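As a plain string of letters, each chain reads:
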Amino acid sequence: METFVQDAPPRTRAVRWLRERIDEGQLETGDRLPSEHRLATQMQVSRTTVRAALRQLAGEGLLKSAGTRGLIVAETLRSETQALLAGTVIVLSEPGDIPKPVQGHAAGLESVIQMGVIDRLNGSATHALCLNCQEISTAQIQRLIEERPKGMIALRHAIQTRAGQAILNQFRRDGIRVVAYGDVPEVRDDDTLVSDHEAGSYELTRWLIETGKTRILRYWQMPQTDARTPEWLARRDAGHERAMRQAGLEPIPALLAPSLPKQPRDAGEFAMWSQLAAGQLLGHLGPGASRPEAIMCISDSVVPPAAAACRMLGVEPNRDVALVGYDHSWADLRFGEWEPTAPLATVDKDNYAIGRMLAELLLDRVTGKLPPEPQHRLAAPRLVVGVS
């Protein structure tokens, strides 16, 4: 029997209590239901709540009137629906997470995580139901929860939205397991998995040092949507600084700079982005500045405008200053037609493998293979040298 979660709304508890007894055969087709008074006593809820739960189940076709006999369990296909949902994992995403075709080896797009999740679930005879957290109502989510899906996998973009967090809270309150891709405080009590950003940044920094680069600037251009430094970025800083100090080098303070809110769509927008980058890098590349030998960009997508900015400031990219990226997304970017400079090295998080690992983590949880405390796992990234 499913856990009877005491902090769920009373009607939800009552509906679940009745469904469990029908599913387990304690109440079979044609059986008369106990009186409202008896049900209220057994469920420790009011008779008004019992009456509302019975109306809901009758409206869904699970119960029906038998005249003077009261309500009885109906002949219904609902048990088949419940069996289907019991073998289904909900994948909660935002529109930007929806899988798209990718080119060859490129696995930097976060949509690839969802592809990995679905592939692993399909391989375990488990269904996947993908939900856009912005396009489903609270009532629809509650109806879905009442069908008792196997669990939920929440992707990073979804858990960073109010809508996504509200949905996660509904699932948790009703005792359905959640696995999250992310390391934000909102999911600390769930099982989580993230890329090991500290290890990736450490390996990238070591490679730069081994190629003779001792003055390395971290160019952290990112949306300024939160006053907090994201946990993943703090881990990148930790990895970089550890590699520098192990080599007896003093890290240069990171350059924290705002990015444009979206990727450039044409040459004009790319030129504007490049000018923004030139202004941000002026203090490090301009006249009289103590020029770095390498720039670590926060992502491959920042390398092209950084390269264009270097030229504006009289510095030849990948000759006077080495440019490296992160995410291994270069092959999926449109920048080649405006700026051909590719990162000399990058870090591949292998988002497809991360998706499979998320699914594996949930399957381990729901089959009882894990200890009760939340599991927080790291996925090892891979250094890629010579990006094409």
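Residues numbered from 1 in each chain as written. Predicted model: local features only at pLDDT ≥ 70, side-chain atom pairs only at ≥ 80, totals over all residues. Heavy atoms only, no water.

A. Representation of the overall build of the chain within the structure. Assigned secondary structure in the chain consists of 13 helices and 14 strands. Counting over 388 residues, the chain shows a buried share of 50%. Long-range contacts, defined as pairs at least 24 residues apart, comprise 72% of the intrachain contacts of the chain with a sequence gap of at least 6. Just so you have it, the chain exposes about 17,800 Å², and 51% of that area is on carbon and sulfur atoms. (Helix = DSSP H or I, 4+ residues; strand = E, 2+ residues; numbered from the N terminus. Buried < 20%, exposed > 50% of the residue type's maximum accessible area, 1.4 Å probe, protein only. Contact = heavy atoms within 4.5 Å. Areas by Shrake-Rupley, 256 points an atom, 1.4 Å probe, with all protein chains shown as cover.)

B. Fine view of the packing of helix α9 (residues 197–210) against helix α10 (residues 231–246). Closest axis-to-axis distance for the α9/α10 pair is 7 Å, and the angle between their directions is 35 degrees. Note on packing geometry: the crossing formed by α9 with α10 is right-handed. Note on element contacts: α10 touches α9 through Trp232, Arg235, Arg236, Ala238, Gly239, His240, Arg242, Ala243, Met244 and Gln246, opposite His197, Glu198, Ser201, Tyr202, Thr205, Arg206 and Ile209. Looking at side-chain class alone, the contact of α9 with α10 contains six nonpolar, six polar and five charged residues. (Axes fitted to C-alpha atoms, helices over the stretch in contact; angles between N-to-C directions. Left-handed = near helix turned anticlockwise from the far one by under 90°. Nonpolar A, V, L, I, M, F, W, Y, C, P; charged D, E, K, R; others polar.)

C. Structural view of the nonpolar core. Counting residues in hydrophobic clusters, the biggest one holds 38 residues, and the most contacted among them are Tyr219, Leu281 and Ile295. Once residues within four sequence positions are removed from consideration, tyrosine 219 is found in contact with Leu255, Ala257, Ala277, Gln280, Leu281, Ile295, Met296, Cys297, Ile298, Val302 and Ala306. In terms of nonpolar packing, the next biggest core, distinct from the first, is built from 20 residues, Leu92, Leu144, Ala158 and Leu168 among them. (Core = buried A, V, L, I, M, F, W, Y, C linked by side-chain atoms within 4.5 Å.)

D. Local environment of the confidence of the model for the chain. When pLDDT is averaged along the chain, the result is 86, and 89% of the positions lie at 70 or above. Note on residues 1–6: pLDDT under 50 across the span, and 17 contacts to partners over four residues away in sequence or across chains. Confidence over residues 101–106 falls short of pLDDT 50; this stretch has nine contacts with residues more than four positions distant or in other chains. (pLDDT = per-residue confidence, 0-100.)

E. Here's a closer look at unusual backbone geometry. For asparagine 318, which is not glycine, the phi torsion reads 65 degrees and is therefore positive. Within the fold, asparagine 318 resides in the loop between α12 (303–312) and β11 (322–324). Relative accessible area serves as the criterion here: at 27%, asparagine 318 is assigned to the partly exposed category. A positive phi angle is found at aspartate 327, which is not glycine, with a value near 95 degrees. The residue aspartate 327 is located in the loop between β11 and β12 (345–348) in this model.

F. Structural detail: the pattern of salt bridges. Under the definition given, this model contains 21 salt bridges. The partner of arginine 120 in a salt bridge is glutamate 360, with the nearest N and O atoms 2.5 Å apart. Separated by 240 residues along the polypeptide, arginine 120 in helix α5 (residues 111–123) and glutamate 360 in helix α13 (residues 351–366) bring together distant segments of the chain. A salt bridge links glutamate 250 to arginine 245, with the nearest nitrogen and oxygen atoms 3.8 Å apart. (Salt bridge = Lys/Arg side-chain N within 4 Å of Asp/Glu carboxyl O.)

G. Layout of the packing of aromatic side chains. Enumeration according to the criterion identifies one aromatic pair in this entry. Above the ring of tyrosine 326, the side-chain terminus of arginine 236 is found at 3.5 Å from the ring centroid. (Phe/Tyr/Trp six-rings, centres within 6.5 Å; stacked < 30°, edge-to-face > 60°. Lys NZ or Arg CZ within 6 Å of the ring centre and 35° of its normal.)

H. Local environment of the sheet that holds strand β10 (residues 294–297). Judged by pairing direction, the sheet is parallel, and its four strands sit side by side in the order β9-β8-β10-β11 without closing on themselves. What marks the edges here is a single partner per strand, and that holds for β9 (255–258) and β11. The sheet shows a mean angle of 25 degrees between the axes of neighbouring strands, direction not considered. As defined by bridge partners, β10 adjoins β11 across three bridges and the pair is classed as parallel. The residue of β11 that forms the bridge with methionine 296 is valine 324. Against the sheet, α10 contacts β8 (216–222), β9 and β10, and its axis sits at roughly 175 degrees relative to β8. (Pairing = 2+ DSSP bridges.)

I. The arrangement of the environment of alanine 58 in detail. Relative to the helices and strands, alanine 58 resides in helix α3 (residues 47–59). For alanine 58, a relative accessible area of 31% corresponds to the partly exposed category. In this structure the C-alpha to C-alpha distance between alanine 58 and alanine 74, which are 16 residues apart in sequence, comes to 8.7 Å.

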